[in-house]
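Residue-level structural notes
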Amino acid sequence: MKKILVTGGCGYIGSHTIVDLVQNGYEVISVDNNSRSSINILNGVEKIIGKKVKNYTVDLCNFDDTFAIFQENEDITGIIHFAAYKAVGESVENPLMYFDNNLNSLINILRCAEEFHVPHVVFSSSCTVYGNPDEIPVTENTAFKPAESPYGSTKQMGEDIVKQTINSYPDMNAILLRYFNPVGAHPSGFIGEIPLGRPANLVPGITQTAIGKLPQMQVYGTDYPTKDGSCLRDYIHVSDIAHAHTLALDYLIEGRNETSCDVFNLGTGNGYTVLEVIRMFEKVSGQALNYVLADRRPGDVIAIYANNDKAKTLLHWDPQYDLEAMMQTAWDWEKKQNSITN
Ligand code: WQD
């Protein structure tokens, strides 16, 4: 069985990806210092896959501790690198914390991959690298605009670090996966998103408002040049994102990669506005959402959605969940966390 190291394995996308990898025949170990996640999420993973997953509680910015993981696991075939800080607003307030954490952890992982001859690397990137695109949908060849935040800069720089490193080590290949907006939860209800503190993202903000954890939600801006004035995004179910990682590893291991470092957009190819997402949630939950129309949020991109043809063609990826299912699973997870059954 091929062993995969998942960094950030206790996180939202990391935990869902571990489920998909194991269900598709891979052996998985996780490393996560739980600074932004809970080890308890692996209990939910275990309920789904029926086996325990070992997590190394290690800070990847500590090279010696990271190196020790590879000494103990000299049979790692691939690495999926999720571990990073990802809050756009926080990155503006504390840029050096983001550059230090997100880039040093990546560099340590790549140094160990090279030292231990790990041939395959999958890097967690984001549609944020495109900035505010001139044309949509964006393809993988769409030129980067300046990043809207230090978080976005760490993704742009991270991609370049991976690309340049892989180019220097012919025994390695890599894939950069650019997620659009990951939302929803595993249909089992055993794992999902666990925001720390008040959620910055739209969908957990909606579900926490609907369940009563938040008093009211704000729609940030309704004067944008879109169909209803609110921002447009490409929401993609986290389980579809997870499966794309399994397919990306298959692609690298089978040597189907066209270049040493391929890039793929992971979006549905459909754009929805904030107000359309709220309408869908109200349909799914059967209740009106308590929200107000507010000013724009600094740094927000007006509209972006993916051209996902490349991932569909080369990775054989076919997203299964539509917006209704995304809202349904997100709502079911929120209710389960608050043990409300209705
Ligand atoms: C979506 C839309 C908000 C909250 C960022 C990162 C991306 C990824 C996801 C890590 C925007 C609006 C939001 C609210 C609102 N991060 N909104 N009221 O900013 O598109 O993407 O998070 O993987 O890389 O860039 O996601 O969910 O924060 O916002 O109106 O209470 O919802 O203004 O238009 P975003 P988001």
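Quick look at the structure, then. (Residues numbered from 1 in each chain as written. Predicted model: local features only at pLDDT ≥ 70, side-chain atom pairs only at ≥ 80, totals over all residues. Heavy atoms only, no water.)

**Comments concerning the side chain of N101**
In this fold, N101 is placed in helix α5 (residues 95–115). For N101, a relative accessible area of 13% translates into the label buried. If we ignore the near neighbours within four places in the chain, the residues touching N101 are C61, A84 and Y85. (Helix = DSSP H or I, 4+ residues; strand = E, 2+ residues; numbered from the N terminus. Buried < 20%, exposed > 50% of the residue type's maximum accessible area, 1.4 Å probe, protein only. Contact = heavy atoms within 4.5 Å.)

**Structural notes on the environment of I175**
Within the fold, I175 resides in strand β6 (residues 173–179). Take I175: its relative accessible area is 0%, and that puts it in the buried class. Not counting the four nearest positions on each side in its chain, I175 is found in contact with V121, V122, F123, A248, Y251, L252, D262, F264 and L315.

**Some details on the packing of aromatic side chains**
Within the structure shown, the criterion is met by eight aromatic pairs. Centroid distance F63 to F67: 5.7 Å. Interplanar angle 45°. Geometry classified as tilted. Linking F63 with F67, this pair stays in helix α3 (residues 63–72), spanning four residues, or about one helical turn. On the numbers, 5.6 Å between centres and 90° between planes, the contact of Y251 with F264 is edge-to-face. On the criterion of sequence distance, the pair formed by Y251 in helix α8 (residues 238–253) and F264 in strand β11 (residues 261–266) is long-range, its members being 13 residues apart. Through successive ring pairs, a cluster of aromatic residues spans F63, F67, F70 and F116. The residue whose ring lies beneath R36 is Y85, and the NZ or CZ to ring-centre distance is 4.1 Å. Note that R296 overlies the ring of Y224, its terminal NZ or CZ placed 4.0 Å from the centroid. (Phe/Tyr/Trp six-rings, centres within 6.5 Å; stacked < 30°, edge-to-face > 60°. Lys NZ or Arg CZ within 6 Å of the ring centre and 35° of its normal.)

**Let's talk about the site of the ligand**
Not every one of the 19 residues close to the ligand is listed here, only the nearest: S126, L202, Q218, R233 and D300. T128 has a polar side-chain atom sitting 2.8 Å from an oxygen atom of the ligand. Note that an oxygen atom of the ligand is positioned 2.5 Å from one of the side-chain N or O atoms of D300. No other element matches strand β8 (residues 217–220), which puts four residues into the shell around the ligand. Split by residue class, the shell around the ligand holds ten nonpolar, five polar and four charged. (Near = heavy atom within 4 Å. Polar contact = N/O pair within 3.5 Å; in protein donor to acceptor, adjacent residues only side chain to side chain. Nonpolar A, V, L, I, M, F, W, Y, C, P; charged D, E, K, R; others polar.)

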